[in-house]
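This is what each chain is made of:
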Amino acid sequence: MADLILNYRACGAECREDWLRMLANENGLPFGTVRRLAEELGEREDFGELVHICECGGRAVQ
């Protein structure tokens, strides 16, 4: 869990929820959508993959 907190703080957030809100705002997506995408990636979501999906408008690229 400490690794995840360090990742969030490196992105300028204090916790996962703050980071997800930042991603949502930066990409013009609803917070609920970003949170759902993160949950689909699992508890230890891949930060890079989630950012990529958000940058693609919330759609996973096949």
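Residues numbered from 1 in each chain as written. Predicted model: local features only at pLDDT ≥ 70, side-chain atom pairs only at ≥ 80, totals over all residues. Heavy atoms only, no water.

Next up on the list: helix α2 (residues 16–27). Between the first and last C-alpha of α2 there are 17 Å, a value that for 12 residues agrees with the 16 Å anticipated at 1.5 Å per step. Among the residues making up α2, those that are buried are W19, L20, L23 and A24. Taken around the axis of α2, the buried residues stretch over an arc of 140 degrees, which confines them to a single face. In this structure, α2 carries N25 and E26 as exposed residues pointing more than 90 degrees from its buried face. (Helix = DSSP H or I, 4+ residues; strand = E, 2+ residues; numbered from the N terminus. Expected span 1.5 Å × (residues − 1). Buried < 20%, exposed > 50% of the residue type's maximum accessible area, 1.4 Å probe, protein only. Arc of directions from axis to C-beta.)

Right, let's talk about the environment of A38 for a bit. In this structure, A38 sits in helix α3 (residues 31–41). Assessed through its relative accessible area of 0%, A38 is described here as buried. Sequence spacing of A38 and L20 is 18 residues, and the spatial spacing of their C-alpha atoms is 8.1 Å.

With respect to the helices and strands, the residue Y8 is situated in helix α1 (residues 2–10). Sequence-wise, Y8 and L20 are 12 residues apart; in three dimensions their C-alpha atoms are separated by 9.3 Å.

Close contact between α2 and α3 brings their axes to 9 Å; oriented N to C, the two are set at 120 degrees. With respect to α3, the axis of α2 lies oblique. Crossing of α2 over α3 shows right-handed handedness. Seen from α2, the contacting residues are R16, E17, L20, R21, L23 and A24; seen from α3, they are F31, V34, R35, A38 and E39. In terms of residue class, the contact of α2 with α3 is built from 6 nonpolar, no polar and 5 charged. (Axes fitted to C-alpha atoms, helices over the stretch in contact; angles between N-to-C directions. Parallel < 35°, antiparallel > 145°, perpendicular 65-115°, else oblique. Left-handed = near helix turned anticlockwise from the far one by under 90°. Contact = heavy atoms within 4.5 Å. Nonpolar A, V, L, I, M, F, W, Y, C, P; charged D, E, K, R; others polar.)

On to the packing of α3 against helix α4 (residues 47–55). To characterise two packed helices, one gives the angle between the axes of the helices and the distance between these axes. Their axes nearest at 10 Å, the elements α3 and α4 cross at an angle of 140 degrees. Compared by their axis directions, α3 and α4 come out oblique. The interaxial crossing formed by α3 with α4 has right-handed handedness. Judged by residue contacts, V34, L37, A38 and L41 of α3 engage E49, L50, I53 and C54 from α4.

With that settled, consider the nonpolar core. Core analysis: the largest hydrophobic core is formed by 15 residues, its most contacted members being Y8, W19, L20, L23, V34, L50 and C54. Put simply, the parts of the chain that give this core at least two residues each are α2, α3 and α4. (Core = buried A, V, L, I, M, F, W, Y, C linked by side-chain atoms within 4.5 Å.)

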